[in-house]
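Chain residues, written in single-letter form:
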Amino acid sequence: MVSVGLPSGNSSHSESSEVSELEAILRVDSKDKSGKKINAMKKIIANMSMGYNMISLFPAIINCMETSNVDLKKLCYLFLKSFASINPSEATKAIPVVLKGVHSSNPVLRDFSLKTLTSVHIKNFWVASLDPVIRLLDDIDPYVRKTAVMGVARLYSYDRKIVESSGLIKNLREMLNDESSLVVTNALAVLISIVQSSDVFKLTLTKEVTSKIVDCLNDCTEWLQTIIFDSLIYYVPQQPGEAESFAERISPWLQHGNTAVCMGTIKATLYYINYMTDEVLIKDHLRKVVPPLVTLLARKPSATQYVLLRNVEIILDAYPEIFQSDLHFFFCHFDDPANVKLEKFSILSKLANEENLDHILPEFMEYASEVDIELSRKSVRYIGHLAVKIESRADDCVDCLVKLIDTKISYVVQEAVIVSRDILRKYPSRYKHLLSILLKNMEFFDEAEAKSAFIWLLGHYAESIEDSRMLMGEYVEGFLYEPLELQLTILTAATKLFLKMPAAGLEMVTKVLQLCTEEIQDPDLRDRGIIYSRMLSTNPDFARKVILTNAPPVDVEANAYDPEMSEQLLLNVGTLASVYHKPPNRFARGYFPQYLEPSPVLREKANSAVNSADDLQLDYDLPSSGNMTEDYASKSESNVDSGELWSQTPVSEHGPTPQTEYVSNIQFLAEMENQDVPMISKDLMNY
């Protein structure tokens, strides 16, 4: 225990006396005084850490740096690092002394000296460290070589140009052939950090180097093992059987007790699966990935479980079949925290199919009675998603929703109306009985999203709901006081009701359109009101075609990742990117996206992932244009201000295709741009 020599008071005389005493001890030349100097240095560092001014002792400490005593030199270097941040210009006086340590015959002193030289964030220090770093990369001591390798990383963080111009990157690549596994793994770590933050350098490991790296696993600490597994994705198999061989060699580490090592092994295995050609071996390696994941889920604390579940979601998106037999591991426990339960909900909904729904649906029904409101609402929402996802079992899911609505719990009923909208979009006429059930529970709809869903149902099923005009009128009366999201829904629903029931809806739609165009300030709502008004005034048939068009199909898996995103996330399993579900370049500066490198053995599924977006086509399901076909066809060939952009799609002799019809509609709107038309035509009642 070091006793701090300075008094607790504010006496400058006492402080000066103590500092002078410490300086006197440091300046003694006798070799047998090393013990006193070490104690003095400990007092100085302790006092400095508490805020006392020890700057005046720096010249004496520089003299102490000349010592060959390792412990004393370490303390002097520690003082130098702190002192350099306070007085950078004065700290540069220690550079010649530190450089002498770099040339010491003692490898420990060489190591400490180089580490100090590269750790001080002052330009003079890192410029002075460049030559020692290059020279000590070939040192006889592996620990010194390791320190020199890490010195390259520090230099690169200070000044990239000085590292790139000095050829240190090439030296690092050569260090991968070092005989010491300690040096090899640290060189890998530095190269990976440089490659990930650079758009100039690219790391590609050869088969021989990769084989050597895998051999180093047995001699490394767990930390270094994680680095090795991270580096394995920089080897691109070129021949059949290479990926299978490496995946088999690293498979014992799937049973490792350290979560980071296990996840690193899983990431490397999933990477090599992309380059496997034998389907039997692919399934075998996928089966090997599952037990370590579910075992870690069962044994680890909740924070680790959350990270693991986020990774499981990524893997599940790419390989949805591999967890089917381990469904029970994702059932919630009573003591699971809310974030873990929500992740398990998401995974269960993705795993659900016709066969296992009898196990999953009761779980969600039980979760719907949770005290936690968020968990309860999520459960109801996932029940609705299952009804949309599994058509053959939709009846069971809808029956569960009806039971939940009967509980009369406000937030449950409101969530139920939200998912009912999606169910009725998927099955327009199959579950119309839900409308009458929801009408009986209107008093619970006080949240914006629930109101929006119910208003959409009123507009879409206006002809099927008794007193739909009266119910819609209540929302129209409070139109100006509703949030924007609800105003947009009311506008569209009122217009739909008018198009389906012109006589009943004329007064209401007129009022809404006048409010939108005369009193509303929001540009989006105002513009939509103007567009609806002009369409209704100019051509009601066209308005019906646009506003009552078939809605796009409901896709409860719409949040699934596109192939490119899935590929990037799988290459970052076990990292922070897997928790955020975002590639590193989207939340961290200096990172660049990673992709699978092309190879003769790259699987077709992975090989086409990046290009799959080019194959997507928009399918517009528009109703027939009836007697307006000729008008639309002629308009698509006319030359208006922006018409040339749209007139390149030919019209078939059998009438417009959905695409040409869509183009013609856009041009029709363009032609109405400057027309001065009344708010609503007098002839609308005849519509």
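Just above, that's the structure.
Summarised in this report is the structure supplied together with it. Computed from a predicted structure; not experimentally measured.

## Thoughts on the overall build of the protein
When helices and strands are tallied, the protein shows 36 helices and zero strands. Looking at the protein residue by residue over its 687 residues, the buried ones come to 49%. Summed over all atoms, the accessible surface of the protein reaches about 33,000 Å², with 51% contributed by carbon and sulfur.

## As for a nonpolar patch on the surface
Residues Leu576, Tyr580 and Phe587 make up a contiguous nonpolar surface patch of about 290 Å² in total accessible area. Mapping Leu576 onto the fold places it in helix α32 (residues 576-580).

## Overview of the nonpolar core
Ranked by size, the top nonpolar core spans 215 residues in total, and within it Met41 and Phe323 carry the most contacts. Leaving out residues up to four positions away in the same chain, Met41 has contacts with Leu26, Ile61, Leu72, Leu75, Cys76 and Phe79.

## Quick look at the pattern of salt bridges
Under the counting rule described, the total for this entry stands at 27 salt bridges. A salt bridge links Asp215 to Arg249, with the shortest nitrogen-to-oxygen separation between them at 2.7 Å. Of this pair, Asp215 sits in helix α13 (residues 207-215) while Arg249 sits in helix α15 (residues 242-250), placing them 34 residues apart in sequence. Look at Arg249 and you get partly exposed, because its relative accessible area is 28%. Across the pair Glu415 and Arg381 runs a salt bridge whose closest N-O atoms are separated by 2.4 Å. Of this pair, Glu415 sits in helix α23 (residues 410-426) while Arg381 is found in helix α21 (residues 373-389), placing the two residues 34 residues apart along the sequence. Among the ionic contacts, a cluster of salt bridges with common partners joins Arg377, Arg381, Glu415, Glu447 and Glu449.

## A closer look at the packing of helix α8 (residues 123-136) against helix α9 (residues 142-158)
Close contact between α8 and α9 brings their axes to 9 Å; oriented N to C, the two are set at 145 degrees. Crossing handedness for the pair α8 and α9: left-handed. Within the contact between the two elements, α8 uses Trp126, Ser129, Leu130, Val133 and Leu136 and α9 uses Val144, Arg145, Ala148, Val152, Leu155 and Tyr158. For the contact of α8 with α9, a count of residues per class yields nine nonpolar, one polar and one charged.

## Regarding the environment of Pro483
Looking at where Pro483 falls in the secondary structure, it is placed in the loop between α26 (468-477) and α27 (484-500). Judged by its relative accessible area of 41%, Pro483 falls in the partly exposed class.

Reading the values: rules and limits
- Residues numbered from 1 in each chain as written.
- Predicted model: local features only at pLDDT ≥ 70, side-chain atom pairs only at ≥ 80, totals over all residues.
- Heavy atoms only, no water.
- Helix = DSSP H or I, 4+ residues; strand = E, 2+ residues; numbered from the N terminus.
- Buried < 20%, exposed > 50% of the residue type's maximum accessible area, 1.4 Å probe, protein only.
- Areas by Shrake-Rupley, 256 points an atom, 1.4 Å probe, with all protein chains shown as cover.
- Patch = residues over 30% accessible without salt bridge, like charges linked within 9 Å, V, L, I, M, F, W, Y side chains within 5 Å.
- Salt bridge = Lys/Arg side-chain N within 4 Å of Asp/Glu carboxyl O.
- Core = buried A, V, L, I, M, F, W, Y, C linked by side-chain atoms within 4.5 Å.
- Contact = heavy atoms within 4.5 Å.
- Axes fitted to C-alpha atoms, helices over the stretch in contact; angles between N-to-C directions.
- Left-handed = near helix turned anticlockwise from the far one by under 90°.
- Nonpolar A, V, L, I, M, F, W, Y, C, P; charged D, E, K, R; others polar.

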